[in-house]
Amino acid sequence: MSSPHAVDHVIIGSGFAGLCAAIKLQEDGETDFVVLEKAGEVGGTWRDNTYPGAACDVPSQLYSYSFAEHDWPSSYSPQPDIQAYIQRVAAESGTLDRFAFDTPVTDAVWDASAQRWSVHTPAGVWTARFLVVAAGALEEPKVPDLPGLDTFQGHVFHSARWDHDVDLAGKRIAVIGTGASAIQIIPELQKALQPTGGHLDVYQRSAPWVIPRNDRAYSRLERLALRRVPGLRRLYRTGLYWSHEAYVPAFTLQPKIAAPARALALRNIEKGISDPVLRDKVTPRFAFGCKRVLRSNTYYPALAADNTEVITERISKVTGNAVVTEDGTEREVDVLVVATGFHTTDLPIAEHITGRSGRTLADTWRSAGMAAYKGTTVPGFPNLFMLVGPNTGQGHTSMIFIIESQVAYLRDALRTVRRRGLDAVEPTQEATDRWNRSLQRRMRHTVWTTGGCDSWYLDDHGRNTVLWPRTTADFRRRLASFDEEAYA
Ligand code: NAP
């Protein structure tokens with residue numbers, strides 16, 4: 001076996017977070033790093049989700065790096081444009097020579113005697129002082145445990161692993177799930193199936209809140225102005241940022257504030273669907289905001305189309321050629337699209353990271369759920385920095401804002417470690433507990449807890465370990481500088 005490669009930093013993952021870390025480390029002169037990426041190119045979730053209709057429901061001017069501007073053609077971007085943006089930024093950053101593709105991390109173990117991480121991959125071992133985990137929270141598809149699913153003879157695939165080789169023309173297709181991915185897939189499938197005589201079954205377990213998405217192409221003049229007028233793009237981005245941030249009090253303090261947005265969602269149903277029975281079926285039974293609020297102008301018309309059926313009976317099993325619901329109805333199907341989300345509260349990467357005491361992150365979190373200090377560092381895991389870690393998520397604005405805040409914190413931590421000549425840093429248990437106690441106290445009053453829904457934000461203990469319960473501006477402020485006093 002070849003000897004390990006020694007670097008200062010290993011970054012796991014090359015989505016928006018891993019790439020941001022690589023670029024900013026390089027800016028600071030921390031050039032001795034490797035980015036280990038399991039796939040063959042950059043992009044993370046935007047590389048993997050190629051389903052029909054895949055797009056971002058956060059405006060592109062906001063859903064992009066603050067330091068890498070782009071001439072977006074429209075207000076909301078489809079997946080190919082976002083993936084192309086990530087690829088362009090990566091190529092122009094001059095960091096790609098330190099990316100190892102097709103190199104999945106099998107294990108990362110803290111070696112106390114060497115004060116370094118040992119990171120194992122099928123392509124060899126890297127040792128590093130610092131480990132930046134940017135493996136993403138929407139990475140591992142969650143497939144429901146439906147009896148008979150493995151006996152299905154047709155095509156079956158998860159929304160994040162779309163099989164583009166399957167010809168959908170004239171087929172009977174079933175979509176399981178009505179979350180953020182499904183509501184983008186369903187209109188595209190309905191439209192494609194209509195002229196070919198195909199049929200779409202939508203299996204809805206709980207109806208989501210869906211507000212209109214005011215998508216539009218920018219005019220040539222607007223694009224020119226955004227490119228040329230000094231400060232305009234920044235001003236526009238700032239305006240978008242605060243208009244999205246305005247949702248936070250409704251989610252975290254007083255759900256009644258969301259009444260106008262809730263009314264907008266109800267009008268969206270009325271506008272898209274005329275049948276009162278179907279309207280009733282798709283009207284959410286939980287508070288606005290309890291699950292991620294979705295955006296679409298085309299979802300409800302697609303549900304109302306002649307070639308679509310919305311099924312709310314629970315699925316009891318799947319047979320060789322059909323989906324069977326609890327009322328005994330059997331609906332034949334050729335293609336089964338499983339749009340049932342991701343492992344979010346049991347991050348798969350956590351099984352593969354072993355800290356100071358020989359326990360993995362997953363073991364550490366098993367009894368009480370995921371918890372980190374500032375969503376970034378974890379006691380017992382020296383020199384480990386997680387991007388998009390526990391309680392850093394949010395559904396109302398751009399995740400890239402959170403990522404950039406965490407990377408700023410990482411940079412300041414590295415500066416501190418260098419300046420102070422420290423070997424390793426890890427947060428104290430006390431600081432971590434204090435952080436999480438305050439966060440969970442706040443969480444009790446949010447609509448995600450009180451709103452009457454069971455969402456993927458909640459773990460097996462019923463704790464919300466996914467979302468950040470304050471404004472993202474507040475998050476940025478709290479991570480603005482590395483707070484040595486919270487560290488050992
Ligand atoms: P999701 O939001 O978790 O939705 C999963 C759907 O599958 C839900 O409707 C869920 O029903 C249903 N489901 C799960 N297990 C089921 C079962 N056993 N039987 C029947 N139905 C089942 O997953 P997603 O749509 O893939 O989205 C995940 C996240 O990705 C989003 O919340 C968002 O953060 C991100 N995303 C973002 C965008 C964007 O535009 N920015 C687009 C796509 C995805 P219940 O609601 O009843 O649990």
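As the structure is a prediction and not an experimental result, all values here were calculated from the model.

Parameters and conventions
- Residues numbered from 1 in each chain as written.
- Predicted model: local features only at pLDDT ≥ 70, side-chain atom pairs only at ≥ 80, totals over all residues.
- Heavy atoms only, no water.
- Helix = DSSP H or I, 4+ residues; strand = E, 2+ residues; numbered from the N terminus.
- Contact = heavy atoms within 4.5 Å.
- Areas by Shrake-Rupley, 256 points an atom, 1.4 Å probe, with all protein chains shown as cover.
- Lys, Arg positive; Asp, Glu negative; His and termini not counted.
- Charge placed at Lys NZ, Arg CZ, Asp CG, Glu CD.
- Disulfide = S-S within 2.5 Å.
- Buried < 20%, exposed > 50% of the residue type's maximum accessible area, 1.4 Å probe, protein only.
- Near = heavy atom within 4 Å.
- Polar contact = N/O pair within 3.5 Å; in protein donor to acceptor, adjacent residues only side chain to side chain.
- Nonpolar A, V, L, I, M, F, W, Y, C, P; charged D, E, K, R; others polar.
- Pairing = 2+ DSSP bridges.
- Axes fitted to C-alpha atoms, helices over the stretch in contact; angles between N-to-C directions.
- Left-handed = near helix turned anticlockwise from the far one by under 90°.
- Phe/Tyr/Trp six-rings, centres within 6.5 Å; stacked < 30°, edge-to-face > 60°.
- Lys NZ or Arg CZ within 6 Å of the ring centre and 35° of its normal.
- Core = buried A, V, L, I, M, F, W, Y, C linked by side-chain atoms within 4.5 Å.
- Domains from an automatic or database assignment.

Engineer: So what exactly am I meant to see when it comes to the overall build of the chain here?
Structural biologist: When helices and strands are counted, the chain shows 15 helices and 18 strands. Sequence-distant contacts in the chain: of pairs separated by 6 or more residues, those separated by 24 or more amount to 74%. Roughly 20700 Å² of accessible area belongs to the chain as shown, and the carbon and sulfur atoms make up 51% of that amount. Of the side-chain charges in the chain, 54 are positive and 56 negative, and the distance between the mean point of each set is 8 Å.

Engineer: Would you take a moment to explain the state of the cysteines for this structure?
Structural biologist: One covalent bond between the sulfur atoms of two cysteine residues makes up a disulfide. Inspection of the entire model under this criterion finds one disulfide. The side chain of C290 participates in a disulfide bridge whose partner is C453; the two sulfur atoms lie 2.1 Å from each other. Handedness of the C290-C453 disulfide follows from its S-S torsion of about -90 degrees: it is left-handed. Here C290, found in the loop between α9 (276–281) and β11 (294–295), pairs with C453, found in the loop between α14 (447–450) and α15 (472–478); they are 163 residues apart in sequence, far enough to count as distant. Each member of the pair, C290 as well as C453, carries the same accessibility label: buried.

Engineer: How should the site of the ligand be read in this particular structure?
Structural biologist: Among the 22 residues in the neighbourhood of the ligand, the closest are listed as D57, T178, S181, S206 and K291. R205 is positioned with one of its side-chain polar atoms (N or O) 2.9 Å from an oxygen atom of the ligand. Taken together, the residues of the shell around the ligand sort by class into 10 nonpolar, eight polar and four charged.

Engineer: Help me out: how do you make sense of the sheet that holds strand β8 (residues 172–176) in this one?
Structural biologist: Whenever strands of a sheet pair, they do so through backbone hydrogen bonds, lying parallel or antiparallel. Strand order in this open sheet of five strands is β7-β16-β8-β9-β12, and the pairing throughout is parallel. Looking along the sheet, the strands with just one partner apiece sit at the ends: β7 (155–158) and β12 (308–311). Adjacent strand axes in the sheet meet at a mean angle of 15 degrees when their direction is disregarded. Contacting β8, β9 (199–203), β12 and β16 (335–338), helix α4 (residues 182–193) crosses the sheet at an angle of about 160 degrees to β9.

Engineer: What should I look at first to understand the pairing of strand β4 (residues 107–111) in this one?
Structural biologist: Working note: regular strand, side chains alternate between the two faces of the sheet. Here β4 shows one buried face, formed by A108 and W110, and one open face, formed by D107, V109 and D111. Between β4 and strand β5 (residues 116–121), which pair antiparallel in sequence order, lie four residues; one of them, Q115, sits at a positive phi of approximately 55 degrees.

Engineer: I would appreciate a short explanation of the packing of helix α1 (residues 16–27) against helix α12 (residues 399–420) in the present structure.
Structural biologist: A pair of packed helices is captured by two measures, namely the crossing angle of their axes and the spacing between those axes. Contact geometry for α1 and α12: axes closest at 10 Å, N-to-C directions at 40 degrees. Seen along the crossing, α1 lies across α12 with a hand that is right-handed. On α12, the residues that touch F16, A17, C20, A21, K24, L25 and E27 of α1 are I400, I403, E404, V407, L410, R411 and L414. The residue makeup of the contact of α1 with α12, split by class, is 10 nonpolar, no polar and four charged.

Engineer: Looking at this structure, how should I read the environment of V378?
Structural biologist: Relative to the elements of secondary structure, V378 occurs in the loop between α11 (361–366) and β18 (384–386). Owing to a relative accessible area of 2%, V378 belongs among the buried residues under this scheme. With residues near it in sequence (within four places) discarded, V378 still touches L361, W365, A371, A372, L384, M386, E426 and P427.

Engineer: I'm lost on the environment of S481 in this one. Help?
Structural biologist: Looking at where S481 falls in the secondary structure, it is placed in the segment after α15. In this structure S481 comes out as partly exposed when scored by relative accessible area, which is 42%. For the pair S481 and Y409, spaced 72 residues apart in the sequence, the C-alpha separation amounts to 5.8 Å. Among residues more than four places away in sequence, those in contact with S481 are Y409 and D412.

Engineer: What is the right way to look at the packing of aromatic side chains in this model?
Structural biologist: Each aromatic ring pair is specified by the distance between its two centres and by the angle formed by the two planes. By the definition in use, this model includes 24 aromatic pairs. Judged by centre distance (5.6 Å) and plane angle (65 degrees), the rings of W209 and F288 are edge-to-face. Residue W209 is located in the loop between β9 and β10 (210–211), and its partner F288 is located in the loop between α9 and β11; the two are separated by 79 residues in the primary sequence. Judged by centre distance (4.4 Å) and plane angle (45 degrees), the rings of F482 and Y487 are tilted. For Y487, a relative accessible area of 11% puts it in the buried group. Three or more aromatic residues joined by ring pairs form one cluster here, namely F16, W46, Y63, Y65, F67, W72 and Y85. One residue, K24, lies across the ring of F67, its end atom 4.0 Å from the ring centre. R476 extends its terminal NZ or CZ atom over the ring of F401, reaching a point 3.7 Å from the ring centre.

Engineer: Would you mind showing me how to read the nonpolar core here?
Structural biologist: Buried together is how nonpolar side chains tend to be arranged in soluble globular proteins. One finds F16, Y65 and F288 to be the most contacted residues of the largest nonpolar core, which totals 75 residues. Here this core spans two domains, since at least three of its residues come from each of domain 1 (5–140 + 343–486) and domain 2 (149–208 + 249–338). If we skip the residues at most four places from it in the chain, Y65 touches G15, F16, L19, C20, Y85, V89, R237, I400 and E404.

Engineer: What is the right way to read the side chain of Q204 from this model?
Structural biologist: Mapped onto the elements of the fold, Q204 is located in the loop between β9 and β10. For Q204, the side chain forms a polar contact with the main-chain oxygen of K281, separated by 3.0 Å. Those residues in contact with Q204, other than ones at most four positions away along the chain, are T178, K281, V282, V310, I311 and T312.

Read these as layout, nothing more, since geometry by itself doesn't imply function.
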